[in-house]
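Survey of secondary and tertiary structure
Chain by chain, the residues run as shown.
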Amino acid sequence: MPSTPPAPMPHDDVAPEIRDFHRRINAGYANAGDFSRLSLAEARVVAERIRAPWTRGGPTMARTTSLPPSVAGVGLRIHHPGPPAARLPALVYLHGGGWTMFSVDTHDRLMREYAARAGVAVVGVDYSLSPEAKFPQAITEIAGVLDWLRQQGGAYGIDAARLVLGGDSAGANLSVATSLWLRQHDMPPVQGLLLSYGAFDREPSASWHRYDGPHYMLEIGEMHRFWDNYLRDEADRLDPLAEPLRGDLRGLPPAFFAIAECDILADGNRRLAAALEAAGVAVEVQTYAGATHSFLEAVSISPLADRAFDDAARWLRATVPA
């Protein structure tokens, strides 16, 4: 996360509203001082504060239930947009933040947007963060949440036969990884994967070099630090639960990809989408020109993010009809 706002670009390929979001986020970090010198605990507090304005407003839910860390050891936030008697399909949502930062608070508006637009319940999972909780702890926690939902979801207006896993950035990685974990352990699959600008591998590519640097939302060095925080050692990279492109993708559920064009991770998303298609998985890919990493968080000011939510909601309604 850059410590100072970038200078204007002469020919900016980022959509104006997304550029404004980027500048305002970076100004927040600059006002916090030297972000790189903060402890991890301090950095998390600062990041939550800077993201807070972007999670305000948006749809109002019929009811929201927050559960303490008693379900698989993690806290949950359940947004339900329907009447009390309605039993809805659910999107189990995994927030981004490099496995290291953020929470259901920073991504609350994203979850409410999906709930309202698709007519589904959304279950936000406050999975354990790295480096305190290394790979694969978050995956086993998420699998535990899915198992709990299959047993107890009805009490919260959720049809456990219609579950989709989804997330952004590290959350998209965890969505695919958990789906692979379920298959390995002969557990029921989910019905779909909603994947937004995911972190799926560390292979250098054209997008890594084209969109690195302070003019864009995510930098190569930052992404390497996130991977180092998450994995126990270099050998973990060989595990498909860490880098899904290394795995057998046959039989995974249908997937929707929201790819930000101006993102170092764009090529990795394209590679995984192509690999899933080659494995016989139904895939829809939407690429958003002028979007950077994290652009969905700018939905309060961005028509581009608004369109991306509508695209995802359409796919969700078709994948798990209400």
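In what follows, the accompanying structure is described.

Definitions and cut-offs
Residues numbered from 1 in each chain as written. Predicted model: local features only at pLDDT ≥ 70, side-chain atom pairs only at ≥ 80, totals over all residues. Heavy atoms only, no water. Helix = DSSP H or I, 4+ residues; strand = E, 2+ residues; numbered from the N terminus. Buried < 20%, exposed > 50% of the residue type's maximum accessible area, 1.4 Å probe, protein only. Contact = heavy atoms within 4.5 Å. Salt bridge = Lys/Arg side-chain N within 4 Å of Asp/Glu carboxyl O. Core = buried A, V, L, I, M, F, W, Y, C linked by side-chain atoms within 4.5 Å.

On to the environment of L146, then. You can see L146 is positioned in helix α4 (residues 137-152). For L146, a relative accessible area of 1% puts it in the buried group. In this structure the C-alpha to C-alpha distance between L146 and L245, which are 99 residues apart in sequence, comes to 23 Å. Non-local contacts of L146, meaning those with residues more than four positions away in its chain, are made with V92, L163, L165, T178, L182 and V190.

What follows covers the pattern of salt bridges. Enumeration over the complete set of coordinates arrives at 24 salt bridges. Among the salt bridges present, the one from D20 reaches R24, with a minimum N-O distance of 2.9 Å. Here the residue D20 and the residue R24 both occupy positions in helix α1 (residues 16-31), the gap between them amounting to four residues, near one helical turn. D236 serves as the salt-bridge partner of R232, at 2.9 Å between the closest nitrogen and oxygen. What makes D236 buried here is its relative accessible area of 5%. Residues joined by salt bridges that share partners form a network here, namely R202, E203, D228, E234, R237, E243 and R246.

With 112 residues, the main nonpolar core has Y114, F257 and F295 as its most contacted residues. Not counting residues up to four positions away in its chain, the partners in contact with Y114 are L91, Y93, G119, V120, V122, L194, S196, L296, F309, A312 and L316.

Everything listed is a geometric property; what it means functionally is a separate question.
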